[in-house]
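Residue-level structural notes
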Amino acid sequence: MTRLHDEERLGVLLRILRPAPLGWVQAAQELPGARRTLDEIVSRAEADIAFRAALVADLEQALAAEGYEPDRRLLDEIRARLGEN
C-alpha cells in the first residue's frame, strides 16, 4: 500500500469516529493556560519565601489574595508540586 493510500485510509477512519465530547475539547483548550498558571505559582513559591509561607499557611487564601481563582485541581497540583501532601 502506498503512502497516499495509507493517508486516504486514515482519513476514512477518522471520519467514522464520533466527535470528541465538548468537555474534552474545553479541557484541552484550557490546559495550556492552566499549566502556565501552575508553573508561575510554583516558580514564585520557590523564589519567594514569604509567598511560599503564605501558600503553606493557607493555600486558598494566598491564591485568592494574589488574584488566582483556586479550584480543586489547581490546589491539588500545587500541593503535590510543593510537597505539601
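First, a word on scope: everything that follows refers to the structure included in this document. (Residues numbered from 1 in each chain as written. Predicted model: local features only at pLDDT ≥ 70, side-chain atom pairs only at ≥ 80, totals over all residues. Heavy atoms only, no water.)

Moving on: the overall build of the protein. Of the regular secondary structure elements, the protein holds five helices and zero strands. What you see for the protein is a C-alpha radius of gyration of 21 Å, clearly larger than the 12 Å of a compact globule of 85 residues, by over 25%. Taken over the C-alpha atoms alone, the protein extends approximately 60 × 25 × 20 Å along its principal axes. For the protein, buried positions account for 16% of its 85 residues. (Helix = DSSP H or I, 4+ residues; strand = E, 2+ residues; numbered from the N terminus. Rg over C-alpha atoms; globule rule 2.2 N^0.38 Å. Buried < 20%, exposed > 50% of the residue type's maximum accessible area, 1.4 Å probe, protein only.)

What follows is about the nonpolar core. Counting residues in hydrophobic clusters, the biggest one holds 14 residues, and the most contacted among them are I41, L55, L59, L63, L74, I78 and L82. Here I78 is in contact with L38, I41, L59 and L63, once residues within four sequence places are set aside. (Core = buried A, V, L, I, M, F, W, Y, C linked by side-chain atoms within 4.5 Å. Contact = heavy atoms within 4.5 Å.)

Next up on the list: helix α5 (residues 72–82). If you check which residues of α5 are buried, you get L74, L75, I78 and L82. Mapping the buried residues of α5 onto a view down its axis gives an arc of 100°, with all of them on the same face. Within α5, the exposed residues directed more than 90 degrees away from the buried face are R72 and R73. Near the N-terminus of α5, the side chain that reaches the backbone nitrogen of R73, with its oxygen 3.2 Å away, is that of D71. Residue G83 follows α5 closely and has a positive phi angle near 70°. (Arc of directions from axis to C-beta. Polar contact = N/O pair within 3.5 Å; in protein donor to acceptor, adjacent residues only side chain to side chain.)

Take the packing of aromatic side chains next. Counted according to the given criterion, the structure contains zero aromatic pairs. Between the NZ or CZ atom of R44 and the centre of the ring of F51, over which it lies, the distance is 4.0 Å. (Phe/Tyr/Trp six-rings, centres within 6.5 Å; stacked < 30°, edge-to-face > 60°. Lys NZ or Arg CZ within 6 Å of the ring centre and 35° of its normal.)

On the surface, L10, L14 and L17 cluster together to form a nonpolar patch covering roughly 310 Å² of accessible area. Assignment of secondary structure puts L14 in helix α1 (residues 3–16). (Patch = residues over 30% accessible without salt bridge, like charges linked within 9 Å, V, L, I, M, F, W, Y side chains within 5 Å. Areas by Shrake-Rupley, 256 points an atom, 1.4 Å probe, with all protein chains shown as cover. Salt bridge = Lys/Arg side-chain N within 4 Å of Asp/Glu carboxyl O.)

Moving on to the environment of P70. Within the element layout of this structure, P70 appears in the loop between α4 (59–65) and α5. Overall, the relative accessible area of 27% leaves P70 in the partly exposed class. Separated by 25 residues in sequence, P70 and A45 place their C-alpha atoms 15 Å apart. Dropping the residues within four chain positions of it, P70 is found in contact with E60, L63 and L75.

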